[in-house]
Amino acid sequence: MSSYFKNTPDRKGFFGEYGGAMLPPPLIPHFKEIEEAYDRLSKSGEFIKDLKYIRKHFQGRPTPVSYLRNLSEISGGAQIYAKREDLNHTGAHKLNHCMAEALLARHMGKTKLIAETGAGQHGVALATAAAYFGMECEIHMGEVDMKKEYPNVVRMKLLGATVVAVTDGARTLKEAVDSAFGSYLGQADKALFGIGSVVGPHPFPKMVRDFQKIVGMEAREQFLEMTGELPDIVAACVGGGSNAMGLFAGFIDDEDVALYGVEPLGTSTSLGDHAATITYGEDGDIHAFRTLVLKDSEGNPAPVNTIASGLDYPGVGPEHAHLHKIGRVNYTTATDKEALDAFYRLSSKEGIIPALESAHAVAFAMREASNHPGCSILLNLSGRGDKDLDYVVETHGFGE
Ligand SMILES: *Cc1c(COP(=O)(O)O)cnc(C)c1O
């Protein structure tokens, strides 16, 4: 069988015309080192064995696939299933790549992990991995985000990480990225930079995708065992795109399975009100790679808005830009309101409180179910909603 993954990305990290590594010269040797180490280790029996052990005995994999009987009934039409990444340790899919990045660091002889974080979810997952491996961890976070997401600051500190408050500019994610890269450059001999999604310069989009593939591999086998068939439709929310690439990976060579990425439409289709990069963006560069970007009138990354802070990014992983271009994946949107409605429905009808990010995929499934009678939809429940409870209830109450 010809596999999509065999030639994607190419040796320079391009998915078609997207991706690559447009690095400032001082960073080039460090990313080369990461690329070579990953090439070698991804074929090493010991690395693979270590990763399997961690997934089973620390993360709690495999996570199940659940049939959402009640949600299917009220949505009318298709049968809806969910891959339960909310049951992964720390409550989301992010640990899948963070544990693997930390394992890579360990095999490279590094003793420290460095990263930026926006809402704090990536910082918490990486700090968890660092604690497991007994490594140092340094997380850069904008001062504004630290106030907004204080519980995650507390978590990171409990996990033993140093949280560096970034006080430049708007004091949010963009400044945190610059600060983290600056710090990494000064200690790259002993530290690994841990990117939080299928974004950034090569080899991260490929590496993070490979580390997330386990989601799709498990889901394909589990779905076949449950139903005797493959799903008709597979769907996941897209921020940077790691949980979506993970689930899609299991089905990308199955031409009859339709793949859907669900982007956050926020409060309206006007620039600044949403973060639907593939739907409304144009070709451009961001964070040292080529992809689709939401741009302002001066061509800079535009402000974005969504109820789900984990989807709040004016770029997208280059592989998604490519899969959009070649037409293998369909990209669509869900609004804040649809996501909130899905959040309440899944909670009260199925006993599963989803992350607001994942609720975008649930909203898509609820909407599409009636258009596809007799079909099956498998969605990625990328994380649990505990982190969102206070915000949802304070701002929107308990639903109708
Ligand atoms: C961070 C996050 C996302 C978005 O990240 P992707 O790389 O697009 O998957 C989605 N769901 C949850 C629960 C998250 O924490």
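Rules and cut-offs
Counting from 1, residues in each chain are numbered in the order their sequence is written. It should be noted that, the model being predicted, local features are given only for residues of pLDDT at least 70 and side-chain atom pairs only at 80 or more, the latter also being counted only at that level, while totals for whole chains, interfaces and linings use all residues. Here the side-chain values reflect all heavy atoms present in the structure, with hydrogen atoms and water set aside. Strands qualify as paired when DSSP identifies two bridges or more between them. Secondary structure counts use DSSP, requiring at least four H or I residues in a row for a helix and at least two E residues in a row for a strand, with both numbered from the N terminus. Between the N-to-C directions of two axes lies an angle of 0 to 180 degrees, each axis being a line fitted to C-alpha atoms and, for a helix, fitted only over the stretch in contact. Contacts between residues were defined by any pair of non-hydrogen atoms, one from each residue, lying within 4.5 Å. A pair of aromatic rings is counted whenever rings of Phe, Tyr or Trp (Trp by its six-membered ring) have centres within 6.5 Å, and the orientation is called stacked for planes under 30 degrees apart, edge-to-face for over 60 and tilted otherwise. Relative accessibility thresholds used throughout: buried, under 20% of the residue-type maximum; exposed, over 50%; partly exposed, between the two (1.4 Å probe, protein chains only).

Draft legend 1. How the structure looks around the sheet that holds strand β7 (residues 162–166). Judged by pairing direction, the sheet is parallel, and its four strands sit side by side in the order β7-β6-β5-β8 without closing on themselves. Both edges of this open sheet fall to β7 and β8 (191–193), since each of them pairs with a single strand only. Each strand axis lies, on average, 20° off the axis of its neighbour in the sheet, ignoring direction. Note that strand β5 (residues 112–116) and strand β6 (residues 136–142) share five bridges and pair parallel. Its bridge partner being in β6, lysine 112 is matched across the sheet by glutamate 136.

Draft legend 2. Layout of the sheet that holds strand β14 (residues 376–381). Spatial ordering of the open sheet is given by β3-β4-β14-β9-β10-β13, a layout of six strands whose pairing is mixed. Taken across any chain shown, the strands that pair with only one partner, and hence form the sheet edges, are β3 (65–67) and β13 (329–334). On average, each strand axis in the sheet is inclined to that of its neighbour by 25°, with strand direction left out of account. Both strand β9 (residues 233–237) and β14 contribute to a ladder of three bridges, which runs parallel. Note that in β14 the partner of isoleucine 233 across the bridge is isoleucine 377. Relative to β14, helix α14 (residues 356–369) is tilted by about 170°, and along the sheet it contacts β4 (79–84), β9, β10 (258–264), β13 and β14.

Draft legend 3. Quick peek at the environment of glycine 216. Assignment of secondary structure puts glycine 216 in helix α9 (residues 204–227). Remark: the alpha-carbon pair of glycine 216 and leucine 192, spanning 24 residues in sequence, is separated by 27 Å. Every residue in contact with glycine 216, bar those within four places of it in the chain, is listed here: Gly246, Leu247, Gly250 and Phe251.

Draft legend 4. Representation of the packing of aromatic side chains within the structure. Evaluated as defined, the whole model comprises twelve aromatic pairs. When the centroid spacing of 5.0 Å and the interplanar angle of 35° are considered together, the rings of tyrosine 67 and tyrosine 81 count as tilted. Here tyrosine 81 lies in strand β4 and tyrosine 67 lies in strand β3, a separation of 14 residues in the sequence. For tyrosine 67, a relative accessible area of 28% puts it in the partly exposed group.

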